[in-house]
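# What the coordinates show
Listed below are the residues making up each chain.
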Amino acid sequence: MKALVVDPALAHAGGRRQRRAGADVLPLDVREVVTPTPPAPGWVLVRPALAGICARDLDLILADRVPDVLTAYRDGAVVVPGHEVVGVVEQASPTRWAKEGSRVLVEPTLRCAHKGLPECRRCRAGDTHLCENADRAGALCSGPSVGSSVEAGGGWSEGLLVHEDMLVPAEGISDQRGVLAEPAASALHAVLRWFRRGDCAVVIGAGAQSRLIVATLRRMYSDLDITVLYDARSMTRPRRGRRFRQPLHLQHDIGPDVVAIRALGASRVWRGPAEELLLRTADLTGSRLMRPKSGGTPVLDGGVDVIFDCRADPTSVDLSLRLLRAGGTLVLCGRPDRQAVEWPLVWSRELTVTGAARYGKEPSGHRTFAVVREWLADPAFPVDGIVTHRFPLEDFDTALETATAGVSAGAVKVVFEGPVAAMRTRMDEAATHVEPLEEPLLHATAARARNGR
Ligand SMILES: [Zn+2]
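Residues numbered from 1 in each chain as written. Predicted model: local features only at pLDDT ≥ 70, side-chain atom pairs only at ≥ 80, totals over all residues. Heavy atoms only, no water.

### Observations regarding the nonpolar core
Note on soluble globular proteins: their nonpolar side chains tend to be buried together. Which entries qualify depends on this criterion: Residues belong to one nonpolar core when they are buried, are Ala, Val, Leu, Ile, Met, Phe, Trp, Tyr or Cys, and are joined through side-chain atoms within 4.5 Å. We call a residue buried when its accessible area falls under 20% of the maximum for its residue type, exposed when it is over 50%, and partly exposed in between, using a 1.4 Å probe and counting protein chains only. Runs of E in the DSSP output that reach at least two residues are strands. Runs of H or I that reach at least four are helices, and both are numbered from the N terminus. These domain limits were set by an automatic method or by a database of domain assignments. We call two residues in contact whenever any of their non-hydrogen atoms come within 4.5 Å of each other.
By size, the foremost hydrophobic cluster in this structure holds 59 residues, and its most contacted members are Val-203, Ile-213, Leu-217, Tyr-230, Phe-308, Val-383 and Ile-386. Top element by residues in this core is helix α6 (residues 181-192). It accounts for 7 residues. Each of domain 1 (2-109 + 144-180 + 383-450) and domain 2 (194-355) accounts for three or more of the residues forming this core. In this view, Ile-213 contacts Ala-187, Ala-190, Val-191, Val-203, Phe-308, Cys-310 and Cys-333; residues no more than four positions away in its chain are not counted. Grouped together as the second largest cluster of nonpolar side chains are 25 residues, Ala-3, Phe-396, Ala-411 and Val-414 included.

In structure tokens, the structure reads:
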């Protein structure tokens, strides 16, 4: 079968270390690999219909992007990325319910039981997303999840191995929505990290994660006031556009994005420098700007109740700590790096800072994926516009560049089409008229992304 393989060894061997979007990336290539076979009862081979590209996948590829402390979870082996998967069961070992031909969503976490390890304390307690053996290999497989496991493989391929415990039936959910199950589960988990007190929320970002958090907040709390601080900086791109007076992320026309984000449930979408956002939030919440004696950036005396920071870089974290009211909550959704934090603001105002990286079982006892499945099957959950680009595996260069460029190039969620989607598309082409506009538009966006504009 075909797979898009990341092979770090080639880089060390002086192989084709590539530069993409201005950064060093590990060598990757579409290759023929041996089709994995289910290693034990309960395991199945899933053929992806669509597999998403997310920041974590880009972490796997971009050589020096991961904070050193997190590299303990990696073994540096050859992997097939891709953990956002909707697909079809192709080959099943003896299973309880998963049958060949079933359409499924994949919850990618590999826990102790899947790997063939004795259960850790967290797995025994049901908090499988906090498994203490994420870095350990068992008799059956290694890696914290599909997409970073040598034995299980990943979604950027024609097949990956999954235990049936990790499958969720996809009946009644289109591929376009099903591929959002994993990021939607992350969004729901992030929202549930806030034990609601107050009615004023801020979401920082503009990409798929921010949009899914907005849609989730709106679905859970119809009365919540939600401000999106639009931030289109690409985490993986070097700073460009210094010759312009405004940085690149403040330049492009955000009109269509504002409409899209409002349609997901945002009360308003703002963009601007930190001081201006603080002033506007003070107006909105009826709070006062407290200015440090030294004249530095002000702090709100009664700001917003919660912030979901999908960037989590020094600028966004600092802004968040100043926008929050005393006792407010900052949920770190984007992956932060090692960075300086104005801790006196956290201490003196008793802020809560919490991480949100995964999903599993929520405090209500519900499995995150079970809730997400229900929401995705409901057409009123307005997420159809989030997948903006589809590419076959062979076009991985363009796909990864488009995903890296992100919203400033018109890309929200970029996905690979697996063999199942290709078969379906061929059937559709034979039966129906094909929309002629889509492809030139797609290529135009990809070209813009390539030129870094
Ligand atoms: Zn465990």
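After presenting the structure, the write-up continues.
### Some words on unusual backbone geometry
The backbone of Ala-312 sits at a positive phi, close to 55°, despite the residue not being glycine. In this structure, Ala-312 sits in the loop between β15 (304-309) and α10 (314-323). You will see that Glu-350, though not glycine, has its phi angle at about 50°, which is positive. Relative to the assigned elements, Glu-350 resides in the loop between α11 (343-348) and β17 (352-355). Note on Glu-350: relative accessible area 63%, which makes it exposed.

### Quick notes on helix α13 (residues 396-405)
The buried fraction of α13 amounts to 9 of the 10 residues, a majority that puts the element mostly inside the structure. Note on α13: the residue one or two positions beyond its end, Gly-406, has a positive phi of about 70°.

### Examining the environment of Leu-217
If you trace the backbone, Leu-217 turns up in helix α7 (residues 208-220). Leu-217 gets classed as buried once you look at its relative accessible area, which sits at 0%. Setting aside anything within four residues of it in sequence, one finds Leu-217 in contact with Val-191, Ala-201, Val-203, Leu-224, Ile-226 and Phe-308.

### A few points about the pairing of strand β8 (residues 160-163)
Using the following cut-off: Strands pair, by our definition, only if DSSP identifies at least two bridges between them.
Burial along β8 is two-sided: Leu-160 and Val-162 and Leu-161 and His-163, pointing in opposite directions, are all buried. Here strand β5 (residues 43-52) pairs with β8 via 4 bridges, running antiparallel. Across the sheet, Val-46 pairs through a bridge with Leu-160, a residue of β8.

### Regarding the coordination of the zinc ion
The reference angle at a metal is 109.5 degrees if four donors form a tetrahedron and 90 or 180 degrees if six donors form an octahedron. For the record, the criterion: Because water is not among the atoms used, a metal site may look incomplete, as its donors are only the N, O and S atoms within 2.8 Å, or 3.2 Å for Na, K and Ca. Angle rules define the geometry names used: all angles between 85 and 135 degrees makes four donors tetrahedral, while opposite donors over 155 degrees apart and all other angles between 65 and 115 make four donors square planar and six octahedral, leaving every other case irregular.
Surrounding the zinc ion are the protein donor atoms Cys-112 (SG), Cys-120 (SG), Cys-123 (SG) and Cys-131 (SG), which sit 2.3 to 2.4 Å from the metal. One can describe the site at the zinc ion as tetrahedral: its 4 donor atoms subtend angles covering 100 to 117° at the metal. Every donor residue of the zinc ion comes from the same chain, spaced as C-x7-C-x2-C-x7-C.

### Describing the environment of Val-269
Structurally, the position occupied by Val-269 is in strand β12 (residues 268-270). Taking the C-alpha atoms as reference, Val-269 lies 5.9 Å from Thr-227; in sequence the two are 42 residues apart. In this structure, Val-269 is in contact with Val-228, Tyr-230, Val-258, Ile-261 and Arg-262, ignoring residues within four places of it in sequence.

### As for helix α12 (residues 368-376)
Applied cut-off: Here the arc refers to the set of directions running from the helix axis out to each C-beta atom.
Burial in α12 covers these residues: Thr-368, Phe-369, Val-371, Val-372, Trp-375 and Leu-376. Burial along α12 is one-sided: seen end-on, the buried residues are contained in an arc of 155°.

Any link to function would need more than the numbers given here.
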